Amino acid sequence: METGKTSKYFKYAIGEIFLVVIGILIALQINNWNENRKLQQREVQILKEIKSDLFQTKNDVIRTADRHKEALSLSQYLLDAIRAKVSYSDSIYRAFSKIGSDYEIVPKTSGFDNLKTIGLNTISNDSLRIAITNIFQLSFTRLQSDFQGKNKEFDISNMMFPYQKKYFEIDFSKPRKMPRKYSDTLNLYSLKIKDYQNFILDMDLFKTTQLAMFTRSNLVESQMEIAEEIDKIIELIEQELKKKRPLINDKVLPQNPPKFNYGKQNF
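Now for a quick tour of the structure. Everything numeric in this text was worked out from a predicted model, so none of it was measured.

The rules behind these values
- Residues numbered from 1 in each chain as written.
- Predicted model: local features only at pLDDT ≥ 70, side-chain atom pairs only at ≥ 80, totals over all residues.
- Heavy atoms only, no water.
- Helix = DSSP H or I, 4+ residues; strand = E, 2+ residues; numbered from the N terminus.
- Buried < 20%, exposed > 50% of the residue type's maximum accessible area, 1.4 Å probe, protein only.
- Contact = heavy atoms within 4.5 Å.
- Phe/Tyr/Trp six-rings, centres within 6.5 Å; stacked < 30°, edge-to-face > 60°.

Focus on the overall build of the chain
For the chain, the count of helices and strands is seven helices and two strands. Listing each helix as α and each strand as β along the chain from the N terminus yields α-α-α-α-α-β-β-α-α. Counting only residues that meet the buried cut, the chain has 33% of its 267 residues in that class. Within the chain, counting contacts between residues at least 6 apart in sequence, those at least 24 apart form 80% of the total.

Shown next as structure tokens:
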């Protein structure tokens, strides 16, 4: 009888240990699943932030490129007018006043900055992580360096300013009021081109305007290439978000290990 009871107790003890082990393993699996889900939630949030930043930056790039295109058209109009020796007009003044404008793009990087803080490996897709890193650290850096102009000789504003300073004068016959939101209205006067005959014969002005056009057209090419690159990365992010959506929509599993009711045993 004692042998039978011992055997029965031994079997029960083995079963008890087995159930406890299974419970621990299930608890660990649930905990791992929840941790992985939290990491995916963080990744999704970061990807959404980066997508928003890219979308806003792209809009800024497109607006800036459009301004450059307008300046290119005005530059071409001015060169044609000078070459044809046309009479002075407000259109010529407007063109000459606009061709020295340059425009800065400031990429929005808060999402990528957050990613760097929590770790680049938060993005699990290697190719997507590399693409995002490249556009923020290489392409956007190029955007800003293009504006700052490492070589000041090819800075559009610097190229055109000496000629604008030389040929612009105040037109006292055209006063203008400029309302301000936070200060008093400004009472100013319009400008006009002086010494117009020498203006249209100034070949240095003609050559510099051509050089500025070439520089500006390169900026437009670079900016539109980056806009296309942004579109591609936004598409990659959207594809990645679609893959993760079913997982993120699941409910979080309980953190505590399951409790087993072993019942009462008789020996």
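What to know about the packing of aromatic side chains
Counted according to the given criterion, the structure contains nine aromatic pairs. With a centroid separation of 5.3 Å and 65° between ring planes, the pair formed by Y88 and Y196 is classed as edge-to-face. Highlighted residues: Y88 in the loop between α1 (2-84) and α2 (90-98) and Y196 in helix α6 (residues 196-201), separated in sequence by 108 residues. Taking relative accessible area as the criterion, Y88 reaches 33% and is therefore assigned partly exposed. Ring centres of F96 and F199 lie 4.9 Å apart, and the angle between their planes is 75°; on these two criteria the pair is classed as edge-to-face. Highlighted residues: F96 in helix α2 and F199 in helix α6, separated in sequence by 103 residues. Among the residues examined, F199 registers a relative accessible area of 0% and is labelled buried. Through a chain of ring-to-ring contacts, the aromatic side chains of Y88, Y93, F96, Y167, F168, Y196 and F199 assemble into a single cluster.

Observations concerning unusual backbone geometry
Although it is not a glycine, K85 sits at a positive phi angle of roughly 55°. Examined against the element boundaries, K85 turns out to sit in the loop between α1 and α2. Accessibility expressed as a relative area gives 42% for K85, which makes it partly exposed. The phi dihedral of D195 is positive, around 50°, even though this residue is not glycine.

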